[in-house]
Amino acid sequence: MSESYREMWEKLNLDLKAHDGLLEVLGKFYGDIYMSQQGRLQGMEYLDFVLSEVHGLRIQELQQAKASGKKIVGTFCVFVPEELTLAADAVQVGLCAGAEAGMEEAEKIVPRNTCALIKSFIGFKLARLCPFTESCDMVVGETTCDGKKKAYESFADYVPMYVMEVPQRKNDRDRELWKAEVLRYKEELEKRTGNTITAEKLKNAIGICNDRRRALQRLNRLRAAFPVPISGRDVLLINQISFYDDPVRFTGSISTLCDQLEERIKKKEGIVPENTPRFMLSGCPMAVPNWKLPYIIESAGAVVVGEESCIGTRNTRDLVDESPETLEGMIDAVCERYMKIDCACFTPNKERLDNITEMAKELKADGVIHYALMFCQPYGHEVFKVEKALKAEGIPMLSLETDYSMEDMEQLKTRVEAFREMTG
Amino acid sequence: MIAGIDIGSRSAEIVLLEKQKIVHQDRLPTTFEPLSQVRRLLGNVQPLKIVGTGYGRNLLTEADIAFPVETITEIKAYAIGAAFVYPRACTVLDIGGQDTKAIALMPGGKVAKFEMNDRCAAGTGKFLEHLAAVFQIPVPEFGSYALEGDRELSINSMCTVFAETEAVSLMAGGQNPRNIALGLHASVVKRTVNMLRRVGLKFPLVFAGGVARNPCIIHLLEKALGAPLLIPEEPDMLGALGAASFGESSAAERDK
């Protein structure tokens, strides 16, 4: 670890000792879950590198961007329109929310029965462990659940908070509300960055974001081949890294990786034998470094072939229409794309059920494992509907509810193995 | 001869099966040295292979054991074991030391759907064991003690620790301890019935696991469900039996 990183972390006011501990645990965890895999593609080296430098080189880049006058925008949700952020010459990064850190601290400002994701981002801040959060000039929240909505009120005491209102339905007046929110965000960005979002800049940003989505869509198509050419946890990692890596560089690396995948598919090479049970994950997002469930599934002799999740297809399925030429037309296209997100915060949310069944069929999944974070009301409620919809299609589903702790590993393993036996 | 070994959280069982006939069965507490308990269970027998199941099944594959070892989950093992004893069984309930499982069966003992309790031990054997200790009553007698109650006091807490607190406050309020015990048993049954409904309970229902030895749970379950339960003579052997039966059929499959 270079001394310059330590200096940088010190300047960011991290708790150096606790941060060293976190990196050590993360490194070991990554070694056990990722580096132990056999037959990984060479293109994964880039992702190994990016992850190993997650709090190092990437933070250094953010600091350099800041020094050159750019603003850093932190987010927790796929609803924040990155196109606008980039068009304002700012950098957008997803913030740490996938590990058990600073939980005791977090429980001082949010109730105990709050989901692990919320507790995690608060814990990372209060325990001074996340250099991304510390680098932010603006943290953008959104009203996708009551837990987050209320947590952002408290979080505003610690970070430069800005909250977008996400409507709960998809009628005309909801679309109007969303457009007003997108415009309000645009103004806020312009005010904070001092840059004007022009048609040219927005067009370029839409292209960058769509290119990244296209690269991930291609990855998602290729991964579903028979035999499966890449592990589910590797694809999850790629999706996770897409939230904080430089978008253009990331898209290039994923395209190279996809070329390697095509080679492998041509040779009929699999990361697992062809008859390995194929499971699709569905439900709550898995923020980095939350690899618990994919690791359990793939250690139980199955393979993950898709993630119906915000860190998965919910974030990559829909593109922004690239045909409008005026600023107004582009903003409408951005609004429209984001209102296609089938988040469980909407009522009704029939689209998600259709998307899940369609995706499971396309992937030729042997079963779906629904993952709900403990205390997550929206996804917890939808479990029942998802199971019913899948049952109607004859697709088995296992519902799991868990958090970031490791104490229920054995129980989860038993359930996942029994599900594999059942679907095999 | 195939050995089925079920290493549960509280007890370990062995069943030896020869051409679908049980030739030997035995049970020991799991303790903190489950592998030496397994060696004691095996004694001098020389099975063709061992099929391990239960919480500790992976210990068998990692251990230095002279026979080939395979493993299946306890869910599959209980399903096969139940179908072995009761070929027409549609649902299995297993309340063991720290897990409660409800399993819906397809014909032939294949698992159609299953539910398990969460990470906490509420509503399991451990819950009853803990509370029996609070009552200072030996575990095997706790069920019949509760059956002597004449009024089912309501215990609302799902958590073992809080249920104890509730029981203690009821005692402090001068309630008949037998009625409190009855209430505690009823709270287990209430949770269990919900779990059975979630898998789509159909009769006949097989009740297995160590808690199927508790007469009060049996009585309250039959009352709540309005139907008699099928209870094997050795309810905690069903997992080991299912494992052994799986081993015989997979060996037969290979010899074909």
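Residue-level account of the overall build of chain A, with values.
Along chain A, the regular secondary structure elements total 19 helices and 8 strands. Taken against the 2.2 N^0.38 rule, which gives 22 Å for 424 residues, the C-alpha radius of gyration of chain A at 21 Å falls within 12% of a compact globule. Referenced to the eigenvectors of the C-alpha coordinate spread, the extents of chain A come out at roughly 60 × 50 × 45 Å. Out of the 424 residues belonging to chain A, those deemed buried represent 51%.

Run through the pairing of strand 7 (residues 367-373) of chain A, naming residues and quoting values.
All names here are of chain A. For strand 7, the buried fraction is high: 7 of the 7 residues fall into the buried class. Residues Gly367, Ile369, Tyr371 and Leu373 line one face of strand 7 and the alternating positions Val368, His370 and Ala372 line the opposite face, and both faces are buried. As defined by bridge partners, strand 5 (residues 278-283) adjoins strand 7 across 5 bridges and the pair is classed as parallel. The residue of strand 7 that forms the bridge with Phe279 is Gly367. Alignment of strand 7 against strand 8 (residues 397-402), held across 6 bridges, turns out to be parallel. When the sheet's bridge partners are listed, Ile369 is paired in strand 8 with Leu398.

So what's going on with the pairing of strand 2 (residues 11-18) of chain B? Which residues, and what values?
Residue and element names in this part refer to chain B. Most of strand 2 sits out of view: 6 of its 8 residues are buried. Across 6 bridges, strand 1 (residues 2-7) lies against strand 2 in antiparallel orientation. Bridging from a neighbouring strand, Ala3 pairs with Leu16 of strand 2. Summarising the sheet, strand 2 and strand 3 (residues 21-29) pair through 8 bridges and their orientation is antiparallel. Opposite Ala12, over in strand 3, you have Leu28 as the bridge partner.

Can you lay out the sheet that holds strand 9 (residues 205-208) of chain B for me, pointing to particular residues and giving the numbers?
Residue and element names in this part refer to chain B. With mixed pairing, the 4 strands of this open sheet are ordered in space as 8-7-6-9. Either end of the sheet is taken by a strand with one partner, and the two such strands are strand 8 (110-116) and strand 9. Pairs of neighbouring strands in the sheet enclose a mean axial angle of 20°, with direction left out of account. Bridge analysis of strand 6 (residues 91-95) against strand 9 gives 4 bridges, and the strand direction is parallel. For Val92, the partnering residue across the bridge sits in strand 9 and is Val206.

Can you lay out the environment of Gly312 of chain A for me, pointing to particular residues and giving the numbers?
All names here are of chain A. Of note, Gly312 is situated in the loop between strand 6 (303-308) and helix 15 (313-316). A tally of 26 C-beta atoms within 10 Å means that Gly312 is categorised as buried. With 112 residues separating them along the chain, Gly312 and Glu200 place their C-alpha atoms 29 Å apart. Each residue touching Gly312, except ones within four places of it in the same chain, is listed here: Asn239 and Glu307.

Any details on the interface of chain A and chain B? Residues and values, ideally.
Contacts between the two partners involve 10 residues from chain A and, on the opposite side, 10 residues from chain B. Its residues placed into classes, the side of chain A that touches chain B shows 2 nonpolar, 2 polar and 6 charged.

How would you explain the domain arrangement of chain B if you had to name every residue and give the values?
All names here are of chain B. Each assigned domain of chain B is listed here: domain 1 (1-86 + 233-256) and domain 2 (88-231). Each of domain 1 and domain 2 has a C-alpha centre, and the two are 25 Å apart. Examining the composition of the side of domain 1 that touches domain 2, we find that 7 residues originate from one element, helix 3 (residues 74-85), more than from any other. Of the residues contributing to the side of domain 1 that touches domain 2, the split by class is 9 nonpolar, 3 polar and 3 charged.

Tell me what's going on with the sheet that holds strand 1 (residues 72-75) of chain A, and back it up with residues and numbers.
The strands that make up a sheet pair up through hydrogen bonds in the backbone, lying either parallel or antiparallel. All names here are of chain A. Taken in spatial order, the 4 strands make up an open sheet running 2-1-3-4, and their pairing is parallel. With one partner strand each, in any of the chains shown, strand 2 (91-94) and strand 4 (161-164) form the two edges of the open sheet. In this sheet, adjacent strand axes meet at a mean angle of 30° when their direction is disregarded. Where strand 3 (residues 138-142) meets strand 4, 4 bridges bridge the pair, whose relative direction is parallel. Residue pairing for strand 4: Glu142 is matched across the bridge by Met164.

Describe the nonpolar core, naming the residues involved and giving the relevant values.
A general tendency of soluble globular proteins is for nonpolar side chains to be buried together. Phe279 of chain A together with Ile5, Ala79, Ala82, Val92, Ile103 and Ala244 of chain B are the most contacted members of the largest nonpolar core, which totals 208 residues. Residue contributions to this core peak at 9 residues, all from helix 3 of chain B. Viewed by domain, this core spans two of them, domain 1 (1-86 + 233-256) and domain 2 (88-231) of chain B, each represented by three or more residues.

Kindly report on unusual backbone geometry, identifying the contributing residues and their values.
Apart from glycine, the bulk of residues carry a negative phi angle, and the bulk of peptide bonds sit in the trans form. The omega angle of the peptide bond from Phe226 of chain A to Pro227 of chain A is -15°, so this bond is cis rather than trans. The topology assignment puts Pro227 of chain A in the loop between helix 11 (199-223) and helix 12 (232-241). A cis amide bond links Phe203 of chain B to the next residue, Pro204 of chain B, at an omega of 0°. Turning to its location among the elements, Pro204 of chain B is positioned in the loop between helix 7 (177-198) and strand 9. At Asp89 of chain A, a position not held by glycine, the phi torsion is positive, near 60°. Structurally, Asp89 of chain A can be placed in the loop between helix 5 (82-87) and strand 2. Of note in the backbone geometry, Lys268 of chain A takes a positive phi value of approximately 60° without being a glycine.

Before we move on, could you go through helix 18 (residues 377-392) of chain A and cite the residues and values that matter?
Residues and elements named next belong to chain A. With 16 residues, helix 18 ought to run about 22 Å at 1.5 Å a step, and its terminal C-alpha atoms sit 24 Å apart, in line with that. Along its length, helix 18 shows its largest kink, about 35°, at Val383. Of all the positions in helix 18, only Tyr379, Glu382, Val383, Val386, Ala389 and Leu390 are classed as buried.

Describe in detail the packing of helix 7 of chain B against helix 8 (residues 215-225) of chain B, supporting the description with residues and values.
Residues and elements named next belong to chain B. It is the contact of helix 7 with helix 8, at a shortest axis distance of 9 Å, that shows an interaxial angle of 50°. Viewed along their axes, helix 7 and helix 8 adopt a mutual orientation that is oblique. Where helix 7 crosses over helix 8, the two elements pack in a sense that is right-handed. Packed against helix 7, whose contacting residues are Leu182, His185, Ala186, Val188, Val189, Thr192 and Val193, the element helix 8 presents Cys216, Ile217, Leu220, Leu221, Ala224 and Leu225 at the interface.

Rules behind the numbers
Residues numbered from 1 in each chain as written. Chains lettered and ligands numbered in written order. Predicted model: local features only at pLDDT ≥ 70, side-chain atom pairs only at ≥ 80, totals over all residues. Helix = DSSP H or I, 4+ residues; strand = E, 2+ residues; numbered from the N terminus. Rg over C-alpha atoms; globule rule 2.2 N^0.38 Å. Buried ≥ 20, exposed ≤ 12 C-beta atoms within 10 Å, placed from the backbone. Pairing = 2+ DSSP bridges. Axes fitted to C-alpha atoms, helices over the stretch in contact; angles between N-to-C directions. Contact = placed C-beta atoms within 7 Å. Nonpolar A, V, L, I, M, F, W, Y, C, P; charged D, E, K, R; others polar. Domains from an automatic or database assignment. Core = buried A, V, L, I, M, F, W, Y, C linked by C-beta atoms within 7 Å. Expected span 1.5 Å × (residues − 1). Bend = angle between axes of the 7 residues up to and from the residue. Parallel < 35°, antiparallel > 145°, perpendicular 65-115°, else oblique. Left-handed = near helix turned anticlockwise from the far one by under 90°.

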